[in-house]
There are 2 protein chains.
Amino acid sequence: MISAFSRLPGVGPKSAERFSYFLLRSGGEVAEELRASIQAALQSTKVCSQCFNLDEQDPCSICSDEGRDQQVMLVVEDPRDVTAFEESGFRGLYHVLQGRVSDLEGIGPEDLTIGPLFERLSRLRSSEVCLATSPDLEGEGTAQILAERLAERGLAVSRIARGIPAGSSITQVSKSILADALEGRRKLS
Amino acid sequence: MISAFSRLPGVGPKSAERFSYFLLRSGGEVAEELRASIQAALQSTKVCSQCFNLDEQDPCSICSDEGRDQQVMLVVEDPRDVTAFEESGFRGLYHVLQGRVSDLEGIGPEDLTIGPLFERLSRLRSSEVCLATSPDLEGEGTAQILAERLAERGLAVSRIARGIPAGSSITQVSKSILADALEGRRKLS
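First, a word on scope: everything that follows refers to the structure included in this document. Values in this document were obtained by computation on a predicted structure and should not be read as measured data.

What about the pairing of strand 4 (residues 93-96) of chain B?
Then step 1. Burial along strand 4 of chain B is two-sided: B:Leu93 and B:His95 and B:Tyr94 and B:Val96, pointing in opposite directions, are all buried.
Then step 2. Handedness of the strand 3 (residues 72-76) of chain B-helix 4 (residues 79-87) of chain B-strand 4 of chain B crossover: right-handed.

In structure tokens form, the structure reads like this:
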């Protein structure tokens, strides 16, 4: 149990030991609840065959919602990104890549859900693909590879904005963020 | 001395007391160095009559540098912002507003260096004014007031980009930052 807990992100052997002894001391009830909830989640969670989001149904609740705006498809790395953009108010479609291109981890474009993405795009009425991978090294690299492949197919491709996070002060942010904010400056009408 | 130190930003009465006793205990040498350096800085620092930056000369080293790109003028709140954008690699002109419009602090547009800004713009060859106030409530308000006044004069006006700070992950940033990043998304060519 200790070694299983220590495989969770951010949990070291000390924490894993603490969790384990807590469960053993708590007389079985808490442990049983945790075990059952893990089992239930595993059984009820499906990967959407359309967008590769995680949901309790397939197609997922977003793909099967006819009221969604099909114009813009947001391409993200991870199902958690879908949740984050939903909370930000986006109401279009998503496509989950299930990762990012990473030389270090040996993940190539062929390991991502790029094939199904093109298949969906040829079928749906989306007029814009917005690349929403993280603005870090591997996320930018993944976006660049996708942008090139999408451009070949004559699709409108956009990239989420890098810049200064709303609410922060000029003097608080790094020089690379300031350079981004300047490069991405927008004309005001 | 304690009360003078506690007027520094982020210094409470306890720290001010600690500073003061440290200076008194250190036998006068450190205290004298601090006193002399404050006096020297006060005497040698001038406000630039052109851009209102702080420098040891007037016009400041930026305004008097003929090699600067005069096309883009960056309007900032504070001299520290000039330093930050210089470090980010910007090589155009600046204009320091000496603050921001703030209802709470009773600072109106007339308290800022907006008059001299217009006077400079009518004299210089700048073709674009980029508003680089902070992307928070008062900074955005100040940018909006300036944008309206500048538009009346037929000048090209831009605003630095809000978005996700470079290097951060989608799942780390707030929903309002994600909404900004989506709204500000850019077409890739």
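Examining the relation of the copies chain B and chain A
Then step 1. With an RMSD of 0.1 Å, the operation that places chain B on chain A is a rotation of 180° combined with a shift of 0.1 Å along the axis. The superposition operator between the copies reduces to a two-fold rotation axis. Proximity to the rotation axis, assessed at the C-alpha, singles out B:Gly163 in chain B; its C-alpha lies 2.1 Å from the axis.
Then step 2. The overlap is high: 100% of the interface residues of chain B also sit at the interface in chain A, so the same surface is used on both sides.

Observations regarding the interface of chain B and chain A
Then step 1. Contact residues are listed per partner, giving 47 residues for chain B and 47 residues for chain A.
Then step 2. Taken together, both faces of the contact between chain B and chain A bury some 4,000 Å²; the carbon and sulfur share is 66%.
Then step 3. Our enumeration of links across chain B and chain A arrives at four salt bridges.
Then step 4. A salt bridge links A:Glu128 to B:Arg185; the shortest N-O distance between them is 2.5 Å.
Then step 5. Between the two partners, chain B and chain A, sit 14 residue pairs in polar contact (both at pLDDT 80 or more).
Then step 6. For the side of chain B that touches chain A, the secondary-structure elements that each account for two or more residues are strand 3, helix 4, strand 5 (128-131), strand 6 (156-159), helix 7 (175-183) and strand 7 (186-187) of chain B.
Then step 7. For the side of chain B that touches chain A, the leading source of residues is helix 7 of chain B, giving eight residues.
Then step 8. By residue class, the composition of the side of chain B that touches chain A is 24 nonpolar, 10 polar and 13 charged.
Then step 9. The pairing of strand 7 (residues 186-187) of chain A with strand 6 of chain B spans two bridges and is antiparallel. What sits directly across from A:Arg186, in strand 6 of chain B, is B:Arg159.

Definitions and limits used
- Residues numbered from 1 in each chain as written.
- Chains lettered and ligands numbered in written order.
- Predicted model: local features only at pLDDT ≥ 70, side-chain atom pairs only at ≥ 80, totals over all residues.
- Heavy atoms only, no water.
- Buried < 20%, exposed > 50% of the residue type's maximum accessible area, 1.4 Å probe, protein only.
- Helix = DSSP H or I, 4+ residues; strand = E, 2+ residues; numbered from the N terminus.
- Right-handed = clockwise from strand over helix to strand, strands pointing away.
- Least-squares fit on C-alpha atoms with pLDDT ≥ 70 in both.
- Contact = heavy atoms within 4.5 Å.
- Buried area = accessible area lost by both parts, 1.4 Å probe.
- Salt bridge = Lys/Arg side-chain N within 4 Å of Asp/Glu carboxyl O.
- Polar contact = N/O pair within 3.5 Å; in protein donor to acceptor, adjacent residues only side chain to side chain.
- Nonpolar A, V, L, I, M, F, W, Y, C, P; charged D, E, K, R; others polar.
- Pairing = 2+ DSSP bridges.

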